[in-house]
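Here are the chains, one letter per residue:
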Amino acid sequence: DTEVTQTPKHLVMGMTNKKSLKCEQHMGHRAMYWYKQKAKKPPELMFVYSYEKLSINESVPSRFSPECPNSSLLNLHLHALQPEDSALYLCASSQEADSDYGYTFGSGTRLTVV
Amino acid sequence: QKEVEQNSGPLSVPEGAIASLNCTYSDRGSQSFFWYRQYSGKSPELIMSIYSNGDKEDGRFTAQLNKASQYVSLLIRDSQPSDSATYLCAVIPVTGTYKYIFGTGTRLKVLA
């Protein structure tokens with residue numbers, strides 16, 4: 001299995017809703033990442049997990065809450081989002097965090113906040 | 001401020017031609033360099049990585065790295081309409097960090 005699987009593919013949520021994004025990989029990668037990408041912009045790093053521990057939080061607002069229940073699974077919990085949070089949310093994984101390996105990206109979740 | 005710069009394009013080339021995509025970076029200590037292809041509305045896909053000066057070939061793709069001049073390029077030979085996408089250059093500035101720095105991407109259009 002050489003894929004990173006993200007669900008759901010599309011999500012529309014109101015500003016008072018709570019929802020979660022899910023990411024799963026079975027490649028034995030020990031680093032997992034959340035990125036946010038707006039249209040015609042490069043991906044922006046949000047969080048890095050290394051060996052299931054949060055290593056980097058890029059000053060992301062607390063309405064985004066990551067969770068890594070095990071080495072294969074990464075969640076992003078969403079609460080009280082704003083319309084400007086609408087974007088493509090990408091999960092990625094790599095063999096190790098502090099290494100030169102490239103990333104495998106999931107297909108993303110297209111989030112719309114209304 | 002560490003930066004990675006790319007011409008946003010669009011770069012238009014005829015089918016069968018060589019497409020040349022360029023990327024410059026500001027941190028002279030950068031160690032690792034990657035090219036990702038991203039189709040519209042899709043996620044980035046790793047197509048090449050390069051770590052040493054010189055050329056690295058993989059099928060129709062050749063990555064070129066010149067650390068002295070701080071640039072990395074991607075050549076696509078025999079360009080096909082299916083190569084039309086945005087190409088993102090990514091740099092790891094210092095070994096042992098977790099973070100890519102992405103360029104803004106170059107949009108490539110291959111004209112049939």
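Our subject in this report is the structure included herewith. Model, not experiment: these values are computed from the prediction.

Another point: the nonpolar core. Of all hydrophobic cores here, the largest spans 24 residues; its most connected members are W35(B), V72(B), L74(B), I76(B) and Y87(B). Ignoring sequence-local partners within four residues, the contact set of V72(B) consists of L21(B), N22(B), C23(B), F33(B), W35(B), I50(B), Q64(B), L65(B) and C89(B). M13(A), L21(A), F64(A) and C91(A) belong to the second largest nonpolar core, which has 22 residues in total.

Turning our eyes to something else, we now look at the sheet that holds strand β3 (residues 19–25) of chain B. Residue and element names in this part refer to chain B. The strand order across the open sheet formed by five strands is β1-β3-β8-β7-β6, and the pairing between neighbours is antiparallel. Since the sheet does not close on itself, it has two edges, and those belong to β1 (4–5) and β6 (54–58), each with one partner. By the bridge criterion, two bridges tie β1 to β3 in an arrangement that is antiparallel. Pairing of E5 across the sheet is with T24, part of β3.

At the junction of the two partners, chain B supplies 21 residues and chain A supplies 24 residues. Of the roughly 1700 Å² buried where chain B meets chain A, counting both sides, 59% is carbon and sulfur surface. Remark: the boundary between chain B and chain A carries zero salt bridges. Run the count over chain B and chain A and you get four residue pairs in polar contact (both at pLDDT 80 or more). Elements represented by at least two residues in the side of chain B that touches chain A include exactly β4 (32–38) and β9 (85–92) of chain B. Partitioning the side of chain B that touches chain A into residue classes produces 10 nonpolar, nine polar and two charged.

Take the pattern of salt bridges next. Residues and elements named next belong to chain A. Scanning all chains against the criterion turns up six salt bridges over all chains. A salt bridge links K22 to E24; the shortest N-O distance between them is 3.9 Å. Among the ionic pairs, D85 bridges to R63, the shortest N-O distance being 2.7 Å. With D85 in the loop between β8 (73–79) and β9 (87–94) and R63 in the loop between β6 (53–57) and β7 (64–70), this pair connects stretches of sequence that are 22 residues apart. Overall, the relative accessible area of 2% leaves D85 in the buried class.

Okay, the pairing of strand β8 (residues 71–76) of chain B next. All names here are of chain B. Of all six residues that make up β8, five are buried, and the element is covered over most of its length. Summarising the sheet, β3 and β8 pair through six bridges and their orientation is antiparallel. Looking at β8, one finds that C23 is bridged to V72. Where strand β7 (residues 61–66) lies against β8, six bridges are found, and the strand directions are antiparallel. When the sheet's bridge partners are listed, Q64 is paired in β8 with S73. Linking β7 back to β8 in an antiparallel pair, the connection comprises four residues, with Q70 at a positive phi of about 60°.

Rules and cut-offs
Residues numbered from 1 in each chain as written. Chains lettered and ligands numbered in written order. Predicted model: local features only at pLDDT ≥ 70, side-chain atom pairs only at ≥ 80, totals over all residues. Heavy atoms only, no water. Core = buried A, V, L, I, M, F, W, Y, C linked by side-chain atoms within 4.5 Å. Buried < 20%, exposed > 50% of the residue type's maximum accessible area, 1.4 Å probe, protein only. Contact = heavy atoms within 4.5 Å. Pairing = 2+ DSSP bridges. Helix = DSSP H or I, 4+ residues; strand = E, 2+ residues; numbered from the N terminus. Buried area = accessible area lost by both parts, 1.4 Å probe. Salt bridge = Lys/Arg side-chain N within 4 Å of Asp/Glu carboxyl O. Polar contact = N/O pair within 3.5 Å; in protein donor to acceptor, adjacent residues only side chain to side chain. Nonpolar A, V, L, I, M, F, W, Y, C, P; charged D, E, K, R; others polar.

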